[in-house]
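Observations on the three-dimensional arrangement
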Amino acid sequence: MSDIKPRIEASWNLRLQGEFKAPYFLSLKEFLVSEKLKNKTIYPPGNKIFSAFDHTSFDNVKVVLLGQDPYHGTGQAHGLSFSVPDGIKPPPSLANIFKELNTDLGIPIPKKGNLEKWADQGVLLLNATLTVQANNPGSHQKKGWEQFTDAVIKTISEKKKGVVFLLWGNFAKKKAEQIDTTKHFVLTAAHPSPLAGGAFFGCKHFSKTNELLIQQGLKPIDWSLE
């Protein structure tokens, strides 16, 4: 089960290594191993579970975009919230994100849904739960991942300043209690899922994020993907 062994980018490992030794994480690891032994298919693949951290080192974090859990369809999840690999059609939530991007900044709607370009610029694309069983949404919730990602958010909140947190939907908004709002910026909106009935549209979070970064003398995010 070596593919479940935590292998996380060095700057994150330095700050989170205590989490990997904590009882809750050892229990989480046992759960994932047991799922593998039952021949359950888990997304994303083991070497992609910590992709968000690989693309966005601790020092480079400027924005945190929080998702709930990975996509549960074949080939969709690759470790970045809301993102899909090249060649995979953007799911409905991501399609709505692209519509808002277009109306907010006039950026043409991308044909691909791979958000690695955002991640490489300092947008931590973090899911609250980092794994899921195939075709079974929410199946790995309350197994320990939420405690781990709470620790991630607390670490960012305590050790950085001026980070823009984008919390979309009620699940993400609950994470706000981990964030020191005297040091950071929190933008909330409805979830981009079609189930939210379009309430996400008009939030203008892409332009607002860049305004907050520019105010701090930081380089804005190039949200275009083409």
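Here the structure is shown first, and the text comes after it.
All of the points below concern the structure found in this document. (Residues numbered from 1 in each chain as written. Predicted model: local features only at pLDDT ≥ 70, side-chain atom pairs only at ≥ 80, totals over all residues. Heavy atoms only, no water.)

Topic: the overall build of the protein
Across its full length, the protein holds eight helices and six strands. N-terminal to C-terminal, the α/β element order of the protein is α-α-β-α-β-α-α-β-β-α-β-α-β-α. Relative to a compact globule of 226 residues, whose C-alpha radius of gyration would be 17 Å, the protein shows 17 Å and is just as compact. Principal-axis analysis of the C-alpha atoms places the extent of the protein at approximately 50 × 35 × 30 Å. Within the protein, contacts between residues at least 6 apart in sequence are counted, and of these 68% link residues at least 24 apart. Here the protein displays about 10,400 Å² of accessible surface, and carbon together with sulfur accounts for 51% of that area. If the 28 positive side-chain charges of the protein are averaged to one point and the 21 negative ones to another, these points end up 1 Å apart. (Helix = DSSP H or I, 4+ residues; strand = E, 2+ residues; numbered from the N terminus. Rg over C-alpha atoms; globule rule 2.2 N^0.38 Å. Contact = heavy atoms within 4.5 Å. Areas by Shrake-Rupley, 256 points an atom, 1.4 Å probe, with all protein chains shown as cover. Lys, Arg positive; Asp, Glu negative; His and termini not counted. Charge placed at Lys NZ, Arg CZ, Asp CG, Glu CD.)

Regarding the pattern of salt bridges
Under the defined criterion, the tally for this structure stands at four salt bridges. In this structure, the salt-bridge partner of K38 is E35, at a minimum N-O distance of 4.0 Å. Here E35 falls in the buried class, since its relative accessible area comes to 6%. Between K175 and D150 there is a salt bridge, with the nearest N and O atoms lying 2.5 Å from each other. (Salt bridge = Lys/Arg side-chain N within 4 Å of Asp/Glu carboxyl O. Buried < 20%, exposed > 50% of the residue type's maximum accessible area, 1.4 Å probe, protein only.)

Focus: the packing of helix α4 (residues 92–105) against helix α8 (residues 205–215)
Running from N to C, α4 and α8 cross one another at 60°; their axes reach a closest spacing of 8 Å. Here α8 runs oblique to α4, going by the angle between their axes. For the pair α4 and α8, the contacting residues are I97, E100, L101, D104 and L105 in the first and H205, F206 and S207 in the second. Looking at the contact of α4 with α8 residue by residue, the classes come out as four nonpolar, two polar and two charged. (Axes fitted to C-alpha atoms, helices over the stretch in contact; angles between N-to-C directions. Parallel < 35°, antiparallel > 145°, perpendicular 65-115°, else oblique. Nonpolar A, V, L, I, M, F, W, Y, C, P; charged D, E, K, R; others polar.)

A word on the packing of aromatic side chains
For any pair of aromatic rings, the description rests on two quantities: the centre-to-centre distance and the angle between the ring planes. All chains considered together, the criterion is met by 20 aromatic pairs. Three or more aromatic residues joined by ring pairs form one cluster here, namely W12, F20, Y24, F25, F50, F53, F58, W145 and F148. The ring of F58 carries the charged tip of K160 above its face, separated from the ring centre by 5.0 Å. (Phe/Tyr/Trp six-rings, centres within 6.5 Å; stacked < 30°, edge-to-face > 60°. Lys NZ or Arg CZ within 6 Å of the ring centre and 35° of its normal.)

Overview of the nonpolar core
Inside soluble globular proteins, nonpolar side chains tend to come together where they are buried. If you look at the biggest cluster of nonpolar residues, it comprises 65 residues, and the most contacted ones within it are W12, F50, W118, F148 and I156. Dropping the residues within four chain positions of it, W12 is found in contact with F53, T56, S57, F58, V61, L124, V152 and I156. (Core = buried A, V, L, I, M, F, W, Y, C linked by side-chain atoms within 4.5 Å.)

Notes on the side chain of T209
Checked against the element boundaries, T209 lands in helix α8. With sequence-adjacent residues up to four places away left out, T209 is seen in contact with V63, V164, L166, L187 and W223.

Quick notes on the environment of L212
With respect to the secondary-structure elements, L212 resides in helix α8. Ignoring sequence-local partners within four residues, the contact set of L212 consists of V164, F185 and L187.

Concerning helix α1 (residues 10–20)
By the burial criterion, the buried members of α1 are S11, W12, L16 and F20. Projected down its long axis, α1 carries its buried residues within an arc of 130°, all on one side. The exposed set on the far side of α1, more than 90 degrees from its buried face, consists of A10 and L14. Turning to α1, the residues buried within the fold contact α2 (23–37), α3 (51–55), β3 (123–127) and α6 (145–159). (Arc of directions from axis to C-beta.)

Geometry only, nothing functional implied.
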